[in-house]
Amino acid sequence: MLLLIALANVPWWLYGGEQGFTSAHPTGQEGADLAWQLFSLVAIDGRSYPLFAFLFGYGIWQLYSRQSAAGTPWREARRLLQRRHAWMVALGAVHALLLWLGDIVGAYGLVGLIVVALLLRRSDRALRIVTWVLAGLLLGFGLLGLTSGLVLGSGVAGDVSQFGAPAGLPQPPAESNYLLFAIQSLGMWLVATPAQVFSLTVPLAVVLGMLAARRGLLDRPAEHRATLVRIAIAGILVGWAGGALAAAQHAGALLAPELSWATMGLSSLAGVAGGVGYAALFGLVAAAIGERRGPVSGAIAAVGKRSLSSYLLQSVLFAPLLAAWGLGLGGVLSPLQAAGVAAGVWLVTLVVAAVLERTGRRGPAEVLLRRLAYGRRQVAEPSPLR
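Residues numbered from 1 in each chain as written. Predicted model: local features only at pLDDT ≥ 70, side-chain atom pairs only at ≥ 80, totals over all residues. Heavy atoms only, no water.

1. Notes on helix α8 (residues 201-215)
Okay, so step 1: For α8, with 15 residues, the first-to-last C-alpha span of 22 Å sits near the 21 Å given by 1.5 Å per residue.
Okay, so step 2: With 13 of 15 residues buried, α8 is to be regarded as a mostly interior element.
Okay, so step 3: Of the residues one or two after α8, Gly 216 is the one with positive phi, at around 70°. (Helix = DSSP H or I, 4+ residues; strand = E, 2+ residues; numbered from the N terminus. Expected span 1.5 Å × (residues − 1). Buried < 20%, exposed > 50% of the residue type's maximum accessible area, 1.4 Å probe, protein only.)

The structure is reproduced here in structure tokens:
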């Protein structure tokens, strides 16, 4: 998951060239760089964030059920979760201010506050109704957007180029003054964080994660192998089909640049399906490995147990390497070279997590969040995904 997150994030650190309206990928690429961008749009972008949100929702139910099993009254367990999510919003703001405009910790914390307040003790039936409503709204918006784009692209409204190409997204990493970088980064985060809630994709993935956790799909993947196979196949196929729309748009094979927004809705909804499909696939891999854990799978599991620390460490490494106020590599690297840097950063987090696991230490971010949310009270430990 975190390797996919690194690959999805690194284009946002590239600057100095033109960007599309709906994607951070630099336009005008050719050859291997364009091929990598198209693959990323199909299989990674928009699929990684819902995967993270799905597992976040899975973790919400794990934490709550663990507290309930330990005898914690449900109101107190809910307050613990609410404090945890409120502190996630605060940590996300600090993360955005210091390092990374694309922080997702704050958005997930905000969604967690809403979900815990409204849905924590609702029945499975109620959660399923919520998922169908959210998915239906996303599908409706997506079809409306694509239909509008196709109609406008047909020439009914005249030449769409008269409206001019949409301006590219702001590029705080291009700012050589760190103070200005921090101000721009936090400003974008303040807009993007509530926008991720209203876009409905993160809430949908979180609720789906809660439903999956209630059935123990990832806790006991061997018992749910047939279900996970169906979810993996259907989810990944739908996810990649939606990503293909975005890739076709980026390559200029679908609609004019002025209409790039037309594919956003369907691609986002398909991204949720793709993220859930990836989670099911990872569950099947875990079932196949079982207890035969070697050094590689053990290191990956160590990253999973320290996912917040590993996610933040990516920004600690990306920012000074790629931003203009640091070494400025984001202004000279090609998309494929940047993907190589992302893979290298993920490998560093793998090594760090493995060392922490070997020495019996938790991730520093997990320790901090637990202390902020729970204080010194004795509470049940969360059950890690294995």
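2. Some details on the nonpolar core
Okay, so step 1: Within the largest apolar cluster, 86 residues are counted, with the highest numbers of intra-cluster contacts made by Trp 13, Tyr 108, Leu 120, Val 206, Tyr 311 and Phe 318.
Okay, so step 2: It is helix α3 (residues 48-69) that contributes the most residues to this core, 11 residues altogether.
Okay, so step 3: When sequence neighbours within four positions are dropped, the list of residues in contact with Val 206 reads Ala 53, Phe 56, Gly 57, Ile 60, Val 111 and Val 115. (Core = buried A, V, L, I, M, F, W, Y, C linked by side-chain atoms within 4.5 Å. Contact = heavy atoms within 4.5 Å.)

3. Focus on α3
Okay, so step 1: Over its 22 residues, α3 runs 32 Å from end to end, which matches the ideal 32 Å to within 8%, given 1.5 Å per residue.
Okay, so step 2: Where burial is concerned, most of α3 is hidden: 17 out of the 22 residues are buried.
Okay, so step 3: Downstream of α3 by a residue or two, Gly 71 has a phi angle that is positive, lying close to 90°.

4. Structural notes on the pattern of salt bridges
Okay, so step 1: All told, the structure shown has 6 salt bridges when counted by the stated rule.
Okay, so step 2: Residue Arg 214 pairs with Asp 124 through a salt bridge whose shortest N-O separation is 2.7 Å. Here Arg 214 is found in helix α8, whereas its partner Asp 124 is found in helix α6 (residues 124-153), with 90 residues between them in sequence.
Okay, so step 3: The salt bridge involving Lys 305 is made with Glu 357; its shortest N-O contact spans 3.1 Å. (Salt bridge = Lys/Arg side-chain N within 4 Å of Asp/Glu carboxyl O.)

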